[in-house]
Amino acid sequence: MKYSYLGSSGLIVSNLAFGAMTFAAEGAPPFAKVGEQDAARLVSQTIEAGVNFFDTADVYSNMHNEEILGRVLGAKRKDVVISTKVGSCAGAHVTERGLNARHVHLSV
């Protein structure tokens, strides 16, 4: 696996990132079909291959994908870098969208 610095952050990340958009709980959008058991297998194989960079967003599957990713990473969370996106509408309330402080904090 090849690695690079992430901008000037000092973080070293794999050149390949694993996207967790398809991790989902019941009732998720049609594109989200990977349950927690399969997510655990995929994440484990990904880490074994040397990938340490995971991508997600709060708008994917009503944040269930982020919850699943966190659970399946478990103790390995300290060994990886997770990027997330913020600003899109994650819920019905006005504080669950945009770049207001509350939404950014909830997203992180």
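Throughout this description, residue numbers start from 1 for each chain and increase along the sequence as written. Where local features are concerned, this predicted model is filtered to residues with pLDDT of at least 70; where side-chain atom pairs are given and counted, the filter is 80 or more; whole-chain, interface and lining totals use all residues. With hydrogens and water stripped out, all remaining heavy atoms of the structure feed into the side-chain values.

Asks: Go over helix H2 (residues 64–73), please, and point to the residues and values.
Replies: When a residue's accessible area, from a 1.4 Å probe over protein chains only, is under 20% of the maximum for its type it is buried; when over 50% it is exposed; and in between it is partly exposed. Only DSSP runs of H or I covering at least 4 residues are called helices, and only runs of E covering at least 2 are called strands; the numbering of each starts at the N terminus. Within H2, burial applies to Asn 65, Glu 66, Ile 68, Leu 69, Val 72 and Leu 73. On an axial view of H2, the arc spanned by its buried residues comes to 160°, and they lie on one face. Count one or two residues on from H2 and you reach Gly 74, which has phi positive near 50°. The arc in question is formed by the directions pointing from the helix axis toward the C-beta atoms.

Asks: Quick one: what's the story with the pairing of strand E4 (residues 53–57), residue by residue and with numbers?
Replies: Of all five residues that make up E4, four are buried, and the element is covered over most of its length. Paired strands, as defined in this entry, are two strands with at least two bridges between them according to DSSP. Bridge count for strand E3 (residues 18–19) against E4 is two bridges, and the pairing is parallel. Residue pairing for E4: Gly 19 is matched across the bridge by Asp 55. In the sheet, E4 pairs with strand E5 (residues 81–85) via five bridges, with the strands oriented parallel. By the bridge assignment for E5, Asp 55 is matched with Ser 83.

Asks: Could you give an account of the sheet that holds E3, naming the residues involved and the relevant values?
Replies: The parallel open sheet is built from three strands, whose spatial order is E3-E4-E5. At either margin of the open sheet sits one strand with a lone partner, and together these are E3 and E5. Seen against the sheet, H2 touches E4 and E5 and runs at an angle of roughly 150° to E4. Working rule for contacts: check all heavy atoms of both residues, and any pair within 4.5 Å makes them a contact. Orientation is described by lines fitted to C-alpha atoms, with helices fitted over the stretch in contact, and by angles between N-to-C directions that extend from 0 to 180 degrees.

Asks: I'd like a rundown of the environment of Phe 53, residues and numbers included.
Replies: Relative to the assigned elements, Phe 53 resides in strand E4. Since its relative accessible area comes to 14%, Phe 53 is described here as buried. Each C-alpha atom of the pair Phe 53 and Ser 83 lies 7.5 Å from the other, and the pair is 30 residues apart in sequence. Every residue in contact with Phe 53, bar those within four places of it in the chain, is listed here: Leu 6, Val 13, Ser 14, Leu 16, Ala 17, Phe 18, Val 81 and Ser 83.

Asks: Provide a residue-level description of the nonpolar core, including the pertinent values.
Replies: Residues belong to a common nonpolar core when they are buried Ala, Val, Leu, Ile, Met, Phe, Trp, Tyr or Cys residues joined through side-chain atoms within 4.5 Å. Membership of the largest hydrophobic core comes to 13 residues, with the highest contact counts inside it found for Phe 23, Ala 39, Val 43, Phe 54, Leu 69 and Leu 73. For this core, the leading source of residues is H2, giving four residues. Apart from residues lying up to four places away in sequence, Leu 69 is in contact with Ala 20, Phe 23, Val 43, Phe 54 and Ile 82.

By themselves, these are just geometric observations and shouldn't be taken as functional.
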